[in-house]
Amino acid sequence: MPRIMSAPTGARRLKDAHPGIPLTTEEIAKTAREVADAGADEFHLHVRDDDGVHSLDAGRYREAMAAVAEAAPELDIQITTESAGIYEVEDQLACLDAITPTYATAAIRETMRDKAVAEKMYALTAERNIRMQHILFDREDIDLLRSAYASGMIAPESRDAIFVLGRYVPPRLAQAWELKPLLDEAANLNLDWAVCAFGKHETACLTEALERGGSVRVGFENNIHMPDGSLAVSNAEQVANMACIRDSLSQD
């Protein structure tokens, strides 16, 4: 069955965007329990520093991972290595090296900024059995991934990927029609794929993904509204909406 990942925090939004965005360890753990109860299978984890700025600090990650695991042990925890315009590829590698998570995600367009360091990163993930989800924004990213498989930089069994529809910076609302061309371009890569989508059309985009057999990532990182345009009450409300749609499609 397609999986639902909750992405409740992200790297950029603060409480002024939505008071329910979890920033502290306690808020993150509480959200993890709520989204698990609402039907989430996986939890996409970001951590922030004391000023609310995106962080790849290993200590903060360990604290948050432990809190989520205690609050919602049934969730698979995925950490991000997102640079967010702050970190270099060396920092992303150092984060993975210090933590050795079971599950992580990285944008191939970011890691390939420094191919020598990227090679070390992907070798590390293979050696330590870190499940990597490759973030793909467009056809160029798919080509980078295809080349990395062909060169052996990325292990052939590392087939997890997430297609990103729309953009946060510069802002562009996701549209459901964006998915098919990406799937067509990646058709020969045998990816275990998921989708996330920026903006108010998130539900339509994720429903399209579910109908095509993909998994989905939903949450305040990408969108803070419900399908009717109203402000979502919580990340759990968004997860529950997607769980309802997934269950309905599975019965068709």
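Before reading further, recall that the structure is shown in the block above.
For the structure given in this document, a descriptive report is provided here.

Definitions and limits used
Per chain, the residues get numbers from 1 upward, laid out in the order the sequence is written. In keeping with the predicted nature of the model, local features appear solely for residues at pLDDT of at least 70, side-chain atom pairs appear and are counted solely at 80 or more, and the whole-chain, interface and lining totals rest on all residues. By convention in this description, side-chain values take in all heavy atoms of the structure and omit both hydrogens and water. Strands qualify as paired when DSSP identifies two bridges or more between them. Each helix is a run of H or I in the DSSP string that is no shorter than four residues. Each strand is a run of E no shorter than two, and both are numbered from the N terminus. In this analysis, axes come from line fits to C-alpha atoms, helices being fitted only over the stretch in contact, and the angle between any two N-to-C directions falls in the range 0 to 180 degrees. Contact definition: two residues touch when any of their heavy atoms are within 4.5 Å. What is meant by a nonpolar core is a set of buried Ala, Val, Leu, Ile, Met, Phe, Trp, Tyr and Cys residues, joined one to another through side-chain atoms within 4.5 Å. Exposure categories follow from relative accessible area, calculated using a 1.4 Å probe and restricted to protein chains: below 20% of the type maximum is buried, above 50% is exposed, and the middle band is partly exposed. Of the grid points, spaced at 1 Å and generated over the protein atoms alone, those admitting a 1.4 Å probe that cannot get out make up cavities, while open sets with protein on both sides within 12 Å along at least five of seven lines make up pockets; any residue with an atom within 4 Å of a point is treated as lining. Grid points are joined across faces, edges and corners, and a volume is the space filled by probe spheres set on the points. Note on residue categories: nonpolar means Ala, Val, Leu, Ile, Met, Phe, Trp, Tyr, Cys or Pro, charged means Asp, Glu, Lys or Arg, and polar means any other residue, Gly included. In this analysis, rings of Phe, Tyr and Trp, with Trp reduced to its six-membered ring, are considered paired at centre separations within 6.5 Å, and the interplanar angle assigns stacked below 30 degrees, edge-to-face beyond 60, and tilted for intermediate values. Here, a charge over a ring means that NZ of Lys or CZ of Arg falls within 6 Å of the ring centre while also lying within 35 degrees of the ring normal. The salt bridge definition used is simple: a Lys or Arg side-chain nitrogen within 4 Å of an Asp or Glu carboxyl oxygen.

Description of the sheet that holds strand β10 (residues 215–218)
(1) Moving on: The eight strands are arranged β1-β2-β5-β6-β7-β8-β9-β10 in a closed barrel whose pairing can be described as parallel. The sheet shows a mean angle of 25° between the axes of neighbouring strands, taken without regard to direction.
(2) Moving on: Pairing analysis gives four bridges linking strand β7 (residues 131–136) to strand β8 (residues 160–165), with the strands arranged parallel. When the sheet's bridge partners are listed, Q133 is paired in β8 with D160.
(3) Moving on: Packing against the sheet, helix α8 (residues 202–211) makes contact with β8, β9 (192–197) and β10, and its axis sits at approximately 160° to β10.

A short note on the nonpolar core
The tendency in soluble globular proteins is for nonpolar side chains to be buried side by side.
(1) Moving on: Counting 68 residues, the largest nonpolar core has L45, Y61, I79, F163 and L191 as the members making the most contacts within it.
(2) Moving on: For I79, the residues in contact, after removing those within four places along its chain, are L45, Y61, M65, C95, L96, I99, P101, Y103, A104 and T105.

Here we look at the layout of surface pockets
(1) Moving on: The calculated volume of the largest pocket comes to roughly 490 Å³.
(2) Moving on: Lining of the largest pocket is provided by 27 residues; of these, R12, E82, E110, F137 and F198 occupy positions nearest its centre.
(3) Moving on: At the level of elements, β6 (103–107) and α4 (108–111) are the ones that each hand at least two residues to the lining of the largest pocket.
(4) Moving on: Residues of the lining of the largest pocket, tallied by class, amount to eleven nonpolar, eight polar and eight charged.
(5) Moving on: Taken as a whole, the second largest pocket encloses approximately 200 Å³ of empty space.
(6) Moving on: Along the walls of the second largest pocket sit 14 residues, with T125, A126, I130, E157 and S158 positioned nearest its centre.
(7) Moving on: Of all the elements in the fold, those that place two or more residues in the lining of the second largest pocket are α5 (115–127) and β7.

Some thoughts on the side chain of E178
(1) Moving on: If you trace the backbone, E178 turns up in the loop between β8 and α7 (179–185).
(2) Moving on: Residue class for E178 comes out buried when judged on its relative accessible area of 10%.
(3) Moving on: The residues contacting E178, other than those within four sequence positions of it, are L165, G166, R172 and L173.

Remarks on the packing of aromatic side chains
(1) Moving on: Within this structure, the stated rule accounts for one aromatic pair.
(2) Moving on: The ring centre of Y103 lies 4.0 Å from the NZ or CZ of R131, which sits over that ring.

Thoughts on the pattern of salt bridges
(1) Moving on: Taken as a whole, this structure holds 21 salt bridges when the rule is applied.
(2) Moving on: Between D97 and R128 there is a salt bridge, and its shortest N-O distance comes to 2.6 Å. Of this pair, D97 sits in helix α3 (residues 89–99) while R128 sits in the loop between α5 and β7, placing them 31 residues apart in sequence.
(3) Moving on: Residue classification places D97 among the partly exposed residues on the basis of a relative accessible area of 39%.
(4) Moving on: Between D160 and R131 there is a salt bridge, with its nearest N and O atoms 2.9 Å apart. Here D160, found in strand β8, pairs with R131, found in strand β7; they are 29 residues apart in sequence, far enough to count as distant.

Re α8
(1) Moving on: With eight of its ten residues buried, α8 lies for the most part within the structure.
(2) Moving on: Every buried residue of α8 is listed here: E202, T203, C205, L206, T207, E208, A209 and L210.
(3) Moving on: Buried-residue contacts for α8 involve β8, α7, β9, β10 and α9 (235–251).

Keep in mind these numbers describe shape, not what the thing actually does.
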